[in-house]
Amino acid sequence: MKKILLLATGLAISTSSAALAADAIYEAPQAPVAQEPVVPAFTWSGPYVGLLGGYGWANGDFSGAAIGSDDFDGGRIGGFAGYNWQMSNGFVLGVEGDVNYDWNDNDYTGGFNAGTDWSGSVRGRVGYAMDRALIFAAGGWTATNGFVKGPGIDSDKTFSGWTIGGGIDYAFTEKMFGRLEYRYNDYGDKNISGINADFDQHVVNVGIGVKF
């Protein structure tokens with residue numbers, strides 16, 4: 001009987017000690033799981049500025065002049081600025097203006113020189129963004145300065161008309177992008193010193209821009 005009592009007492013003490021030990025042990029909190037940084041999606045929204053260079057193929061038709069018509073081809077340089085609004089479905093709307101200088105004048109017999117030099121445009125743009133690539137079309141108002149210089153004459157007129165074209169912008173970084181575009185410019189006609197001149201032009205531009 002004493003043995004049974006001692007065995008029961010020892011079992012009770014052992015169980016009590018185990019319970020106290022279990023209470024003393026607690027589960028350590030887990031270390032916080034490192035999360036990947038959230039990278040914001042690229043967007044074309046916002047203002048931008050840039051520089052461009054290219055080449056223009058212009059044609060002039062002259063009523064009342066001996067030359068009839070002539071080509072005025074040459075290089076060009078300029079700058080552009082605009083603003084884009086990108087929508088959730090990938091479509092992009094924008095507005096852009098540019099100012100350029102064209103080297104596309106010709107020399108004629110008798111010391112005469114004619115052509116156009118300064119030009120500019122204001123255009124609406126619509127495009128579709130595929131991440132960092134933006135395919136766009138653009139159109140609007142354009143103008144250029146046409147001139148005739150020679151013995152006894154130094155005259156210039158502002159030709160204004162419409163422009164349409166398209167191209168692609170590609171973002172190399174979050175801020176910097178490149179551009180390749182084509183434009184057709186119809187500058188309309190003007191009378192310069194009694195001669196009616198009608199100018200149009202095909203242009204290819206390559207540009208570099210920065211978005212903000």
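Just so we're clear, the structure is a prediction, and the values are computed from it rather than from any experiment. (Residues numbered from 1 in each chain as written. Predicted model: local features only at pLDDT ≥ 70, side-chain atom pairs only at ≥ 80, totals over all residues. Heavy atoms only, no water.)

K.L.:
Before we move on, can you summarise the pattern of salt bridges with the specific residues and values?
P.N.:
Tallying each qualifying case throughout the model produces 11 salt bridges. E96 is the salt-bridge partner of R179, the closest N and O atoms lying 2.8 Å from each other. Here R179, found in strand 8 (residues 176-192), pairs with E96, found in strand 3 (residues 91-102); they are 83 residues apart in sequence, far enough to count as distant. The exposure classification of R179 matches that of E96, with both residues buried. Three or more residues are tied together by salt bridges with common partners; here these are E96, D98, R123, R125, D169, R179, E181 and R183. (Salt bridge = Lys/Arg side-chain N within 4 Å of Asp/Glu carboxyl O. Helix = DSSP H or I, 4+ residues; strand = E, 2+ residues; numbered from the N terminus. Buried < 20%, exposed > 50% of the residue type's maximum accessible area, 1.4 Å probe, protein only.)

K.L.:
Residues and numbers for the nonpolar core, please.
P.N.:
Core analysis: the biggest nonpolar cluster contains 10 residues, these being F42, W44, Y48, L52, F80, V92, A129, L134, A171 and F177. Apart from residues lying up to four places away in sequence, F80 is in contact with Y48, V49, G50, L51, L52, E96, G97, D98, F177, R179, I208 and G209. Residues A58, F72, F159 and F199 belong to the second largest nonpolar core, which totals 8 residues. (Core = buried A, V, L, I, M, F, W, Y, C linked by side-chain atoms within 4.5 Å. Contact = heavy atoms within 4.5 Å.)

K.L.:
Can you lay out the pairing of strand 9 (residues 195-211) for me, pointing to particular residues and giving the numbers?
P.N.:
As paired strands, strand 1 (residues 46-63) and strand 9 are joined by 16 bridges and run antiparallel to one another. Directly across from L52, in strand 9, lies its bridge partner G207. As paired strands, strand 8 and strand 9 are joined by 16 bridges and run antiparallel to one another. Each bridged residue has a counterpart across the sheet, and for D189 the counterpart in strand 9 is D198. Here strand 8 hands over to strand 9 after 2 residues, with S193 in that stretch at a positive phi of 55 degrees. (Pairing = 2+ DSSP bridges.)

K.L.:
If you had to explain the side chain of N205 to someone new, which residues and values would you point to?
P.N.:
Along the chain, N205 falls in strand 9. Polar contacts involving the side chain of N205 include one to the side chain of R76, which spans 3.2 Å. (Polar contact = N/O pair within 3.5 Å; in protein donor to acceptor, adjacent residues only side chain to side chain.)

K.L.:
How would you explain the environment of G46 if you had to name every residue and give the values?
P.N.:
By secondary structure assignment, the location of G46 is in strand 1. Along the sequence, G46 and Q86 sit 40 residues apart, while their C-alpha atoms lie 8.6 Å from each other. When residues no more than four places from it in sequence are discounted, the contact partners of G46 are G82, Y83, N84 and F212.

K.L.:
Run through the packing of aromatic side chains, naming residues and quoting values.
P.N.:
One pair of aromatic rings is described through two measures. These are the centre distance and the angle between the planes. Evaluation of the coordinates by the stated rule reveals 15 aromatic pairs. The interplanar angle of 75 degrees and the centroid separation of 5.8 Å between the aromatic rings of W44 and F177 together place this pair among those described as edge-to-face. On the criterion of sequence distance, the pair formed by W44 in the loop between helix 1 (2-24) and strand 1 and F177 in strand 8 is long-range, its members being 133 residues apart. With respect to burial, W44 and F177 carry one shared label: buried. Ring geometry for F72 versus F199: centroids 5.5 Å apart, planes at 65 degrees, classification edge-to-face. Of this pair, F72 sits in strand 2 (residues 69-86) while F199 sits in strand 9, and the two are 127 residues apart along the sequence. Relative accessible area serves as the criterion here: at 4%, F199 is assigned to the buried category. One aromatic cluster is present, built from ring pairs that chain together F42, W44, Y48, F80 and F177. When the ring centre of F136 is taken as origin, the NZ or CZ atom of R125, which lies over that ring, is 4.4 Å away. In this arrangement the basic side chain of K149 is found over the ring face of F147, its NZ or CZ atom lying 5.4 Å from the centre. (Phe/Tyr/Trp six-rings, centres within 6.5 Å; stacked < 30°, edge-to-face > 60°. Lys NZ or Arg CZ within 6 Å of the ring centre and 35° of its normal.)

K.L.:
Please give an account of the environment of G152 that cites residues and values.
P.N.:
Within the secondary structure layout, G152 lies in the loop between strand 6 (133-150) and strand 7 (153-171). For G152, a relative accessible area of 89% translates into the label exposed. Considering only alpha carbons, one finds G152 and F112, 40 residues apart in sequence, at a separation of 9.8 Å.

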